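# A closer look at the structure
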Amino acid sequence: AQRVTQPEKLLSVFKGAPVELKCNYSYSGSPELFWYVQYSRQRLQLLLRHISRESIKGFTADLNKGETSFHLKKPFAQEEDSAMYYCALFGGSRLTFGEGTQLTVNP
Amino acid sequence: GAVVSQHPSWVICKSGTSVKIECRSLDFQATTMFWYRQFPKQSLMLMATSNEGSKATYEQGVEKDKFLINHASLTLSTLTVTSAHPEDSSFYICSASVGDTQYFGPGTRLTVL
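Everything quoted here is computed from the prediction, not taken from an experiment. (Residues numbered from 1 in each chain as written. Chains lettered and ligands numbered in written order. Predicted model: local features only at pLDDT ≥ 70, side-chain atom pairs only at ≥ 80, totals over all residues. Heavy atoms only, no water.)

## Thoughts on the overall build of chain A
For chain A, the count of helices and strands is zero helices and eleven strands. Start at the N end of chain A and walk to the C end: the helices and strands fall as β-β-β-β-β-β-β-β-β-β-β. Taking 107 residues into account, the globule formula puts the C-alpha radius of gyration at 13 Å, and chain A, at 13 Å, falls close to it. Considering only C-alpha atoms, chain A reaches an extent of 40 × 30 × 25 Å along its principal axes. In chain A, 58% of the contacts between residues at least 6 apart in sequence involve partners at least 24 apart. Split by element, the accessible area of chain A, about 5,600 Å² in all, is 49% carbon and sulfur. (Helix = DSSP H or I, 4+ residues; strand = E, 2+ residues; numbered from the N terminus. Rg over C-alpha atoms; globule rule 2.2 N^0.38 Å. Contact = heavy atoms within 4.5 Å. Areas by Shrake-Rupley, 256 points an atom, 1.4 Å probe, with all protein chains shown as cover.)

Written out as structure tokens, the structure reads:
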């Protein structure tokens, strides 16, 4: 069975502060991990995936197989980053989502 | 980019009636579409995987006779909630895959009175 855990339901930071959204996973195979974001009143959209090792909107995420983690980081949060963030694992032909973290960036 | 639409965006129905939700890939063909259900303040739960031209694969605990899925073409999958009851009220979201990336529809809010 595969499982994704996001321990923080809510995260609040001030503009310009660093932010880290935690994600841990459980999967017996080789995982493909993603971060999805849902801005207010918008659909879920892909933010980034671990295989591409890219930085999107200043966010990065590194897969740590030893710690089974895929934390999302941004050095300087912006107000427009306020949204719901979901970590997801693709395995066994399905995408499994974590419960999500609501990020609020205060001015 | 790949766009997925859903229709209707919201629907209210009486208990015992059936409701059909459409999911379309607008600018690409999708051999596989997925149906999710999301309760308030909870994550997306996969209900079923819809494959064009074949029967859908349902997740454990999802009643296939209650949630009928049809994927008749490469751009359209439908979810029919049969004999809907208030506990079926939820937010239903579809997605279509392109390679290893899933593109999501905007969701359909179903309220059963």
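## Here we look at the interface of chain B and chain A
How big an interface is tends to be stated in terms of accessible area lost as the parts join. Taken residue by residue, the interface counts 16 residues in chain B and 16 residues in chain A. Overall, the association of chain B and chain A removes approximately 1,400 Å² of surface from exposure, summing both partners, and the carbon and sulfur fraction of that is 49%. Looking at the side of chain B facing chain A, the largest losses of area belong to S43, D100 and F104 of chain B, adding up to 38% of the total buried there. In this structure, the salt-bridge partner of R94 of chain A is E59 of chain B, at a minimum N-O distance of 2.7 Å. (Buried area = accessible area lost by both parts, 1.4 Å probe. Salt bridge = Lys/Arg side-chain N within 4 Å of Asp/Glu carboxyl O.)

## A look at a nonpolar patch on the surface
Taken together, W10, I12 and L113 of chain B make up a surface patch of nonpolar side chains, about 390 Å² in accessible area. When you line up the elements, I12 of chain B lands in strand β2 (residues 10-13). (Patch = residues over 30% accessible without salt bridge, like charges linked within 9 Å, V, L, I, M, F, W, Y side chains within 5 Å.)

## Concerning the side chain of T96 of chain A
All names here are of chain A. Relative to the assigned elements, T96 resides in strand β10 (residues 94-97). By relative accessible area, T96 is classed as buried at 17%. At 2.8 Å, the side chain of T96 and the side chain of Q2 are in polar contact. Those residues in contact with T96, other than ones at most four positions away along the chain, are Q2, V4, C87, A88 and L89. (Buried < 20%, exposed > 50% of the residue type's maximum accessible area, 1.4 Å probe, protein only. Polar contact = N/O pair within 3.5 Å; in protein donor to acceptor, adjacent residues only side chain to side chain.)

## Observations regarding the sheet that holds strand β8 (residues 76-81) of chain B
Residues and elements named next belong to chain B. In space, the four strands of this open sheet follow the order β1-β3-β8-β7, with antiparallel pairing throughout. Looking at strand neighbours, the two that pair on one side only are β1 (4-7) and β7 (67-73), the edges of this open sheet. When strand polarity is set aside, the average angle formed by the axes of neighbouring strands in this sheet is 15 degrees. Relative to strand β3 (residues 19-25), β1 is paired through four bridges, and the arrangement is antiparallel. Each bridged residue has a counterpart across the sheet, and for V4 the counterpart in β3 is S25. (Pairing = 2+ DSSP bridges. Axes fitted to C-alpha atoms, helices over the stretch in contact; angles between N-to-C directions.)

## Quick look at the pairing of β2 of chain B
Residue and element names in this part refer to chain B. Burial along β2 is one-sided: V11 and C13 are buried, while W10 and I12, pointing the other way, are not. Here four bridges tie β2 to strand β11 (residues 108-112), and the two strands are oriented parallel to one another. Following the sheet pairing, C13 is matched in β11 by V112.

## With respect to the pattern of salt bridges
A complete count under the given rule lists seven salt bridges over all chains for this structure. For E20 of chain A, the salt bridge identified is with K22 of chain A, shortest N-O distance 2.9 Å. For E20 of chain A, a relative accessible area of 27% translates into the label partly exposed. Judged by its relative accessible area of 29%, K22 of chain A is partly exposed. Between D88 of chain B and K66 of chain B there is a salt bridge, with its nearest N and O atoms 2.9 Å apart.

## Quick notes on the packing of aromatic side chains
All names here are of chain A. In total, this model carries ten aromatic pairs over all chains according to the counting rule given. Ring geometry for F59 versus Y85: centroids 5.6 Å apart, planes at 45 degrees, classification tilted. Of this pair, F59 sits in the loop between β6 (45-49) and β7 (60-61) while Y85 is found in strand β9 (residues 83-91), placing the two residues 26 residues apart along the sequence. Overall, F59 belongs to the buried group, its relative accessible area being 1%. Residue class for Y85 comes out buried when judged on its relative accessible area of 0%. (Phe/Tyr/Trp six-rings, centres within 6.5 Å; stacked < 30°, edge-to-face > 60°.)

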